[in-house]
Amino acid sequence: MVDNIPILSHVHDGLTIEGYSRAAVQTCWRVNELKLLFDVGVQPWDFMGTPTMFISHAHLDHIAALPAYVSRRRMMKMDPPIIYLPDSAVDMAWKMLQTFRSLDRGAMPCELIGLLDGDETKIGREYVVKSMNVHHTIDALGFIVYQRRHKLKPEYLDLPGEKIRDLKMAGTEITTEQRVPVFAYTGDTSPKGLDNNPEFYESKILISELTFAAPEHRRSKIHKHGHMHVDDYRERADNFKNELIIGSHASTRYTDVQIRRFVKKALPGMLDDRLKLWI
């Protein structure tokens, strides 16, 4: 049995969030029940069994372990994974995999699919992942996973079951689709990534970056480099409608004790106890 690298885990509303994120070190996430991975700065051993991945951007702490993920699935005789990432990064990511193929003398079978702002990716019959531009130093995407629910149209609610069946068999569209945002991941972004995509604030679970927290760190510089400060959360406290907010990607300038102290001072109520620091 091979142990994972150290990761944290949290369960909310039937979804298990697993992973680890530290700025300039490594970021990886798994939502096991959705069978989805997000980012691959490191590749925990048992994450390899999840066949679908969304990569937010191509900085090394978010993509460096891509060759290991692809290669391990091949070695374990698993189907090639499907990997979604910003469209501008596809060609270079493919070249990286082929370089490792030359070094390793092993195939790198996978499908790389480029995404643009607003693209929607169906995951099975029940879920769809929407991609949206965020604000970082290179092309970067955030993602929202919507659960698709179909409800009978109001005009058919009072009909008997056999009549509804007949309408359906005749090709009549008897339901409407409702989408519930159950999980969202911003990747690395300045506050513009949230503000330009208010859907992030509505998701049941939100993983967003909270890289800086010390009062002396200038937010203008932080925003220029595509990151957020805890004061950005404080100023937007009323916007967050999420049930769970995971603040991640803390700067290595802080110890765990320091960042907890800074965040709790800025947000003493921890956004009504919905904010969880992932450190």
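The structure we're discussing is the one just above.
Read on for an overview of the structure.

Before going further, it helps to examine helix α8 (residues 256-266). Buried within α8 we find Ile259, Phe262, Val263 and Ala266. One side of α8 holds all its buried residues, which, seen down the axis, span an arc of 95°. For α8, the exposed residues lying more than 90 degrees away from the buried face are Val257 and Lys265. Its buried side turned inward, α8 meets α7 (230-235), α9 (270-273) and β14 (275-277).

Another point: the pairing of strand β13 (residues 244-248). In terms of residue burial, β13 counts as a mostly covered element, since five of its five residues are buried. Residues Leu244, Ile246 and Ser248 of β13 are buried on one face, and the alternating residues Ile245 and Gly247, pointing to the opposite face, are buried as well. Pairing between strand β12 (residues 205-209) and β13: five bridges, direction parallel. The partner of Ile205 across the bridge, within β13, is Leu244.

All right, on to the sheet that holds strand β6 (residues 82-86) then. Spatially, β1-β2-β3-β4-β5-β6-β7 is the arrangement adopted by the seven strands of the open sheet, whose pairing is mixed. If you trace the sheet from one side to the other, it starts and ends with β1 (8-12) and β7 (111-115), each paired once. This sheet shows a mean twist of 20° between the axes of neighbouring strands, independent of strand direction. By the bridge criterion, five bridges tie β6 to β7 in an arrangement that is parallel. Considered in β7, the bridge of Tyr84 is made with Ile113. Taken strand by strand, helix α3 (residues 90-104) contacts β6 and β7, and its axis lies near 160° from that of β7.

Moving on: empty space enclosed by the protein. To find leftover empty space, one rolls a probe the size of a water molecule over the atoms. In this structure the tally under the stated criterion is one cavity of 30 Å³ or more. One number sums up the size of the largest cavity: a volume of about 30 Å³. Taken together, Ser21, Thr27, Trp29, His62, Tyr185, Gly187, Asp188, Ser208, Glu209, Ser248 and His249 make up the full set of residues lining the largest cavity. Counting only elements with at least two residues in the lining of the largest cavity, the list comes to β3 (26-31) and β12. Among the residues forming the lining of the largest cavity, the class breakdown is two nonpolar, seven polar and two charged.

Rules of the game
Residues numbered from 1 in each chain as written. Predicted model: local features only at pLDDT ≥ 70, side-chain atom pairs only at ≥ 80, totals over all residues. Heavy atoms only, no water. Buried < 20%, exposed > 50% of the residue type's maximum accessible area, 1.4 Å probe, protein only. Helix = DSSP H or I, 4+ residues; strand = E, 2+ residues; numbered from the N terminus. Arc of directions from axis to C-beta. Contact = heavy atoms within 4.5 Å. Pairing = 2+ DSSP bridges. Axes fitted to C-alpha atoms, helices over the stretch in contact; angles between N-to-C directions. 1 Å grid on protein atoms, 1.4 Å probe; cavity = no way out; pocket = protein on both sides within 12 Å on 5 of 7 lines; lining within 4 Å. Points joined across faces, edges and corners; volume = space filled by probe spheres on them. Nonpolar A, V, L, I, M, F, W, Y, C, P; charged D, E, K, R; others polar.

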